[in-house]
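Structural characterization, general
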Amino acid sequence: MSHSDPITLPAIAPVANPVLQQQLQHKTNSKTKPPGSLGLLESLAIQLGLIQQTTSPAIIQPQVLVFAADHGLTAEGISAFPAKVTPQMVHNFLQGGAAINVFARQHQLTLQVVDAGVNADFAPHPQLIDRKIRKGTQNSRHQPAMTMAECCKALHTGMALVRDLPGNLLLVGEMGIGNTSAASLLLARLGNLPVADCTGRGTGLDDQGLSHKTRVLQAVLEHHSDANTPLQALAALGGLEIAMMTGALIQAASERRILLMDGFIAGVALLVAEQLAPGTRDYAVFGHGSAEPGHRQLLRLLKAEPLLQLNMRLGEGSGAALAYPLLQSACAYFNDMASFDDAGVSGAGV
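Only a predicted model underlies this, so the values are computations on that prediction, with no experimental measurement involved. (Residues numbered from 1 in each chain as written. Predicted model: local features only at pLDDT ≥ 70, side-chain atom pairs only at ≥ 80, totals over all residues. Heavy atoms only, no water.)

Re the sheet that holds strand 6 (residues 284-286)
Condition: Any two strands with at least two DSSP bridges between them are considered paired. The secondary structure listing takes helices from DSSP runs of H or I that are at least 4 residues long and strands from runs of E that are at least 2 residues long, numbered from the N terminus. For helices, the fitted line uses only the C-alpha atoms of the stretch in contact; every axis is such a line through C-alpha atoms, and the angle between N-to-C directions lies from 0 to 180 degrees.
Overall, parallel pairing links the 6 strands, which are arranged 3-2-1-4-5-6 in an open sheet. Every other strand in the sheet has two partners, leaving strand 3 (128-130) and strand 6 as the edge strands with one partner each. In this sheet, neighbouring strand axes are inclined to one another by 25° on average, regardless of whether the strands run parallel or antiparallel. Here strand 1 (residues 63-69) runs beside strand 4 (residues 169-175); their pairing, made up of 6 bridges, is parallel. Bridging from a neighbouring strand, Ala-68 pairs with Met-175 of strand 4.

Structure, rendered in structure tokens:
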């Protein structure tokens, strides 16, 4: 982050610890199995141990935050769904009817919905956190999506939300018609990629719709050609929910929480977080590979291997929630599976 950026972010402690890594590797190798035979589950357990700086990783009170906001850019016809779907889906979350609600109940994850900038008003609800910065972003085709003050307020708000949360695992999801466009713009700018490589069908655009969306996004990038730092790009091109997620991820990493990542939009928030607060990415476990083409580019940039490939593109945190049991299993085998010595079984080479 440049020294001129008007925001102070917490330091991110490195997860690298060669002595602990050796201890964790020895522990997994000593289990009653051929070394490496549990595949990615073994590297996952080691990662969780390094994040928590312990040889006995555990998940405590996992939290799901779904950030919702509207996007002025939808006025350019870049989504297959109308903007009114954002508040309608927030109501659906609060009634318990969305995919993320179903998966959160299944896996006993605490779920709250954060109104970061929905273009509607909501009655108070026990699961709704009202942190509305404004009623949707401006149309980034013609002006910055947010002022720098609004962007920084969203970042700080996301940080404050996490400070108040219990637990040691954060799963972020999002809802906002138009937010795949905002994510594509940020990925193109911060990843120095052609916008066409970052742009997908979102909520289900046809070929003509995808072509129009790509042209609009190219025009937005040209209009904001001077928004080059991560913070400038986030304010000019992003969304209130993406900015608030970014702050939440940075704060969670600074508190050594596990970041269980969803797909494209949450992943772009992580990309912004990593560029603002280097080291945040090392706290992230990538739940799934989205069907959005931009997510493939993002995973490559972040050198990330997702746990699941289900061809999903829903958002909400749904893919991450489906991956959550794998983290439970990684902790369970690592802590509860017998070692060769415990079981009196001869190990490799014995």
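Brief notes about unusual backbone geometry
Filter applied, for reference: Accessibility here uses a 1.4 Å probe with only protein chains present; expressed as a share of the type maximum, an area under 20% marks a residue as buried, one over 50% as exposed, and anything in between as partly exposed.
A positive phi angle, close to 60°, is found at Arg-256, a residue other than glycine. Looking at the secondary structure, you find Arg-256 in the loop between helix 10 (240-254) and strand 5 (258-261). Phi at Glu-316 is positive, roughly 70°, even though this residue is not glycine. Its location among the elements puts Glu-316 in the loop between helix 12 (293-301) and helix 13 (318-336). For Glu-316, a relative accessible area of 4% translates into the label buried.

Some thoughts on the state of the cysteines
Note the following rule: What counts as a disulfide here is a pair of cysteine sulfur atoms lying within 2.5 Å.
All told, the structure shown has 0 disulfides when counted by the stated rule. Unpaired in terms of disulfides, Cys-152 finds its nearest cysteine sulfur in Cys-151, a separation of 5.6 Å. Looking at Cys-152, the relative accessible area reads 7%, which means it is buried.

Things to note about helix 9 (residues 230-237)
Inclusion rule: Should any heavy atoms of two residues lie within 4.5 Å, those residues are counted as being in contact.
Burial analysis of helix 9 places 7 of its 8 residues in the buried class, the great majority of the element. When we look at burial in helix 9, the residues that qualify are Pro-230, Leu-231, Ala-233, Leu-234, Ala-235, Ala-236 and Leu-237. Taken together, the buried residues of helix 9 touch helix 5 (148-163), helix 6 (179-191), helix 8 (207-223), helix 10 and helix 11 (264-276).

Examining the side chain of His-71
Looking at the secondary structure, you find His-71 in the loop between strand 1 and helix 3 (85-94). Overall, His-71 belongs to the buried group, its relative accessible area being 5%. Ignoring any residue separated from it by four or fewer positions in sequence, one finds His-71 in contact with Thr-137, Gly-176, Ile-177, Gly-178, Asn-179, Ala-182, Gly-238, Gly-239 and Glu-241.

Let's talk about helix 3
One turn of the α-helix equals 3.6 residues, which is why residues spaced by three or four share an orientation. Counting buried residues along helix 3, 7 of its 10 residues qualify, which places the element largely inside the surrounding structure. Regarding helix 3, the residues found buried are Val-85, Thr-86, Pro-87, Met-89, Val-90, Phe-93 and Leu-94. In this structure, the buried residues of helix 3 make contact with strand 1, helix 4 (99-106), strand 2 (110-117), strand 3 and strand 4. Count one or two residues on from helix 3 and you reach Gly-96, which has phi positive near 85°.

Some remarks on the nonpolar core
Note the following rule: Side-chain atoms within 4.5 Å link the members of a nonpolar core, which is a set of buried Ala, Val, Leu, Ile, Met, Phe, Trp, Tyr and Cys residues.
Phe-67 and Leu-259 are the most contacted members of the largest nonpolar core, which has 118 residues in total. Sequence-distant contacts of Leu-259, defined by excluding residues within four places in its chain, comprise Leu-170, Leu-249, Ala-252, Ala-253, Leu-270, Thr-280, Tyr-283, Ala-284 and Val-285.

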